[in-house]
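# Examining the three-dimensional arrangement
Take a look at the letters that make up each chain.
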Amino acid sequence: MAGSLRVKRREILAFRRRVGSLDERLPKSAESLRRAAWAGLQDSMPRAALLSLHARVEGVEPSTWEHRSLAQAWGPRYQVYVVPKRDFALFTLARLPEDEKGRLRAQQMAERLHAHLRDRRMTDRELGTALRIGNELRYATTTGTLAIRWGGARAPEVWAVEVPDIDPADARRELARRYLHVYGPATANGFARWAGISRGSAADAFASLEDSLLPVRSPLGDEWLLAEDEPAMGAAETAAAPARLLPSGDAYFLFLQAAERELLVPRQDQRERLWTSRVWPGALLVDGEIRGTWRRAQHTMIVEPWARLSSKARQAVEAEARALPLPIERPIEVVWGT
């Protein structure tokens, strides 16, 4: 793209940490929780969203994921997400298929579920058994009329809600803005993969934002940035946080394509340790770079750095581990791997 803004890897990562509040936590408030969940917080691993909130907001407690300003939904790619309650439609209705077959499938599924649920709450297993359906019941979430609550241990509860008062195309446009702000610079194809929508729908959403986008030349090629984010992209780099423990599926490293992963973690052997073929571990963010992984079982956390960390960095990691807002009786004990 002629006249594109040129950005380097370091600038991109600093920008994403800045807009993601990973360099400095936000003071706790309903608005801060909304900003932390601006592009949704994946919660497919029990309480991953809670740990993502903790990495971005001060004073997060074990129950903060249930704050009145937040809600759960089967969001992008039908994964469990914690999202701002007032933005529920952006993570559900925005994904309503535009092709007739896909749209009818979602709407007809929603009608079946509503007819059976009425004013009741049921688990998805109970509902699926009653209607003799499986995971396809999640298609109904793209109508914006199916809410969920998943505590992590048992099957999620589902219930019917009113249709959001927003056009699906408008919701999709705003979801694209959220994606660009948190993952920018980015492309329409990347948005399609992340949201689980068609490339055509994603391209239309980006086209509708054309007047507010800035062409960017990044290490990955030609991409787009919200024009209003240009000052933040070009701002002087602030001091990165000494340590953050990002859970599996955190927005900071939730990438789906090899090139995007390589931008964040340049070494292939390290990428293979973070994006495994099994359940992903958490990411160890130290001084603004991912420098290892972590996993937890009850009160024991195994941290595996990819290179030797200074004593100061190790102390910062251990302090972060002890501060995790987990409902466990014993303090976290960090075991350092090799």
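Residues numbered from 1 in each chain as written. Predicted model: local features only at pLDDT ≥ 70, side-chain atom pairs only at ≥ 80, totals over all residues. Heavy atoms only, no water.

A word on the overall build of the protein. When helices and strands are counted, the protein shows 13 helices and 14 strands. The C-alpha radius of gyration of the protein comes to 20 Å, within 12% of the 20 Å expected for a compact globule of 338 residues. Burial status across the protein gives 54% buried among its 338 residues. Considering only intrachain contacts with a sequence separation of at least 6, the fraction spanning at least 24 residues in the protein is 65%. In the form shown here, the protein has an accessible surface area of approximately 16,200 Å², with 47% of it arising from carbon and sulfur atoms. With 51 positive and 44 negative side-chain charges, the protein shows a spacing of 5 Å between the two charge centroids. (Helix = DSSP H or I, 4+ residues; strand = E, 2+ residues; numbered from the N terminus. Rg over C-alpha atoms; globule rule 2.2 N^0.38 Å. Buried < 20%, exposed > 50% of the residue type's maximum accessible area, 1.4 Å probe, protein only. Contact = heavy atoms within 4.5 Å. Areas by Shrake-Rupley, 256 points an atom, 1.4 Å probe, with all protein chains shown as cover. Lys, Arg positive; Asp, Glu negative; His and termini not counted. Charge placed at Lys NZ, Arg CZ, Asp CG, Glu CD.)

Moving on, we get to helix α13 (residues 311–323). With 13 residues, α13 should reach 18 Å at 1.5 Å per residue; the first-to-last C-alpha distance of 18 Å fits that figure. Within α13 the residues assigned to the buried category are Ala313, Ala316, Val317, Glu320 and Ala321. For α13, the angular spread of the buried residues around the axis is 140°, confining them to a single face. The outward face of α13, more than 90 degrees from its buried face, is lined by the exposed residues Lys312 and Arg322. Of the surrounding secondary structure, the elements contacted by the buried residues of α13 are α3 (48–54), β10 (243–246), β11 (282–286), β13 (300–305) and β14 (333–336). (Expected span 1.5 Å × (residues − 1). Arc of directions from axis to C-beta.)

Gly184 connects to Pro185 through a cis peptide bond whose omega is -5°. A positive phi angle, near 55°, is found at Ser21, a position not held by glycine. For Arg132, which is not glycine, the phi dihedral falls at a positive 60°. Turning to its location among the elements, Arg132 is positioned in the loop between α6 (124–131) and β6 (146–149).

Turning to the environment of Arg121, a few remarks are in order. On the secondary structure map, Arg121 appears in the loop between α5 (100–117) and β5 (122–123). Accessibility expressed as a relative area gives 47% for Arg121, which makes it partly exposed. When the C-alpha positions of Arg121 and Glu157 are compared, they lie 6.3 Å apart, and in sequence the two are 36 residues distant. If near-sequence neighbours (up to four positions away) are discounted, Arg121 is found in contact with Glu157, Val158 and Trp159.

Moving on: the packing of helix α7 (residues 168–183) against helix α9 (residues 199–208). It is the contact of α7 with α9, at a shortest axis distance of 9 Å, that shows an interaxial angle of 80°. Between α7 and α9, the angle falls in the class roughly perpendicular. Residue-level contacts link Arg172, Arg173, Ala176 and Leu180 of α7 to Ser201, Ala205, Phe206 and Ser208 of α9. Taken together, the residues that form the contact of α7 with α9 break down as 4 nonpolar, 2 polar and 2 charged. (Axes fitted to C-alpha atoms, helices over the stretch in contact; angles between N-to-C directions. Parallel < 35°, antiparallel > 145°, perpendicular 65-115°, else oblique. Nonpolar A, V, L, I, M, F, W, Y, C, P; charged D, E, K, R; others polar.)

The next subject is the sheet that holds strand β1 (residues 5–6). The strand order across the open sheet built from 3 strands is β1-β8-β9, with neighbouring strands paired in mixed fashion. The strands lining the two open edges of the sheet, one partner per strand, are β1 and β9 (221–226). Judged from the 2 bridges that link them, β1 and strand β8 (residues 213–218) form a sheet pairing that is parallel. Bridge pairing links Leu5 to Val216 in β8. (Pairing = 2+ DSSP bridges.)

Next up on the list: the packing of aromatic side chains. All chains considered together, the criterion is met by 9 aromatic pairs. With 5.5 Å between their ring centres and 45° between their planes, Tyr179 and Phe191 make a pair best called tilted. Note that Tyr179 is positioned in helix α7 and Phe191 in helix α8 (residues 188–195), a separation of 12 residues in sequence. This pair shows no difference in class: Tyr179 is buried, exactly as Phe191 is. Pairing Tyr183 with Trp194 gives two aromatic rings, centres 5.9 Å apart and planes at 55°, and the pair type is tilted. Of this pair, Tyr183 sits in helix α7 while Trp194 sits in helix α8, and the two are 11 residues apart along the sequence. Both residues of the pair, Tyr183 and Trp194, count as buried. Put simply, the rings of Tyr179, Tyr183, Phe191, Trp194 and Phe206 pair up and form one aromatic cluster. For Arg35, the ring lying beneath its charged end belongs to Trp38, and the centroid distance is 4.1 Å. Seen from the ring of Trp65, Arg47 lies directly overhead, with NZ or CZ sitting 3.7 Å from the centre. (Phe/Tyr/Trp six-rings, centres within 6.5 Å; stacked < 30°, edge-to-face > 60°. Lys NZ or Arg CZ within 6 Å of the ring centre and 35° of its normal.)

Within strand β4 (residues 80–84), 5 of the 5 residues are buried, leaving the element largely enclosed by the surrounding structure. The pairing of strand β2 (residues 41–42) with β4 spans 2 bridges and is classified as antiparallel. Within the sheet, the bridge partner assigned to Gln42 lies in β4 and is Tyr81. Taken together, the 5 bridges between strand β3 (residues 70–74) and β4 define a ladder with antiparallel strand orientation. Along β4, the bridge assignment pairs Ala73 with Tyr81. Taking the residues that link successive antiparallel strands as the turn, the β3-β4 hairpin has 5 residues, and the phi of Arg77 there is positive, at about 60°.

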